[in-house]
Amino acid sequence: MVFVKGRTSLFDKPSLDGQHIDEPLYGMKCTVLEKEGDFLKVKTEYGYEGYVTVDSVADVDYEPDFIVVAPSADLLPQSKLYYSPVDTLPR
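Not measured: the values here are computed from a predicted model.

A. Just the pairing of strand β6 (residues 49–53), in detail. Judged from the 5 bridges that link them, strand β5 (residues 39–44) and β6 form a sheet pairing that is antiparallel. Bridge pairing in β6 links Val42 to Gly50. Between the antiparallel neighbours β5 and β6 lie 4 residues, among them Gly47 with a positive phi of about 100 degrees.

Structure, rendered in structure tokens:
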């Protein structure tokens, strides 16, 4: 599984009212440990455990081919500048 949002909050409990404990970045890998309602308990590739919303991750297998080195970058659906960004990725 990988994180598929530019900014994802990792919470200490399965609730948006939970304490924010980390912010995994787009494309980072994770392991799903369990599902609780609209939340998944995950373990990040660097060892943090916490809860994210179900729509924050997707089951895809890939190796990254780009790294964002600017302060941010727009993620476009196609390589044409006239499309609206799908998401904005932080460095």
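B. Region of the structure containing the side chain of Thr8. In this fold, Thr8 is placed in the loop between β1 (2–3) and β2 (10–11). A relative accessible area of 2% means that Thr8 is categorised as buried. Apart from the residues within four sequence positions on either side, Thr8 is in contact with Phe3, Asp22, Glu23, Pro24, Val52 and Ser56.

C. Representation of the nonpolar core within the structure. Ranked by size, the top nonpolar core spans 7 residues in total: Phe3, Leu10, Cys30, Leu40, Val42, Val52 and Val57. Those residues in contact with Cys30 that lie beyond four places of it in its chain are Met1, Phe3, Val42, Lys43, Thr44 and Val57.

Rules used in this analysis
- In this numbering scheme, every chain counts its residues from 1 along its sequence in written order.
- Residue-level local features of this predicted model are given only where pLDDT is at least 70; pairs of side-chain atoms are given and counted only at 80 or more, and the full residue set underlies all totals for whole chains, interfaces and linings.
- Hydrogens and water are ignored here; the side-chain numbers use all heavy atoms of the structure.
- For two strands to count as paired, DSSP must find a minimum of two bridges between them.
- Starting at the N terminus, helices and strands are each numbered in turn, a helix being any DSSP run of H or I of at least four residues and a strand any DSSP run of E of at least two.
- For each residue, the accessible area found with a 1.4 Å probe, counting protein chains only, is set against the maximum for its type, and the residue is called buried under 20%, exposed over 50%, and partly exposed in between.
- Should any heavy atoms of two residues lie within 4.5 Å, those residues are considered in contact.
- Only buried residues count toward a nonpolar core, which is a set of Ala, Val, Leu, Ile, Met, Phe, Trp, Tyr and Cys residues joined through side-chain atoms within 4.5 Å.

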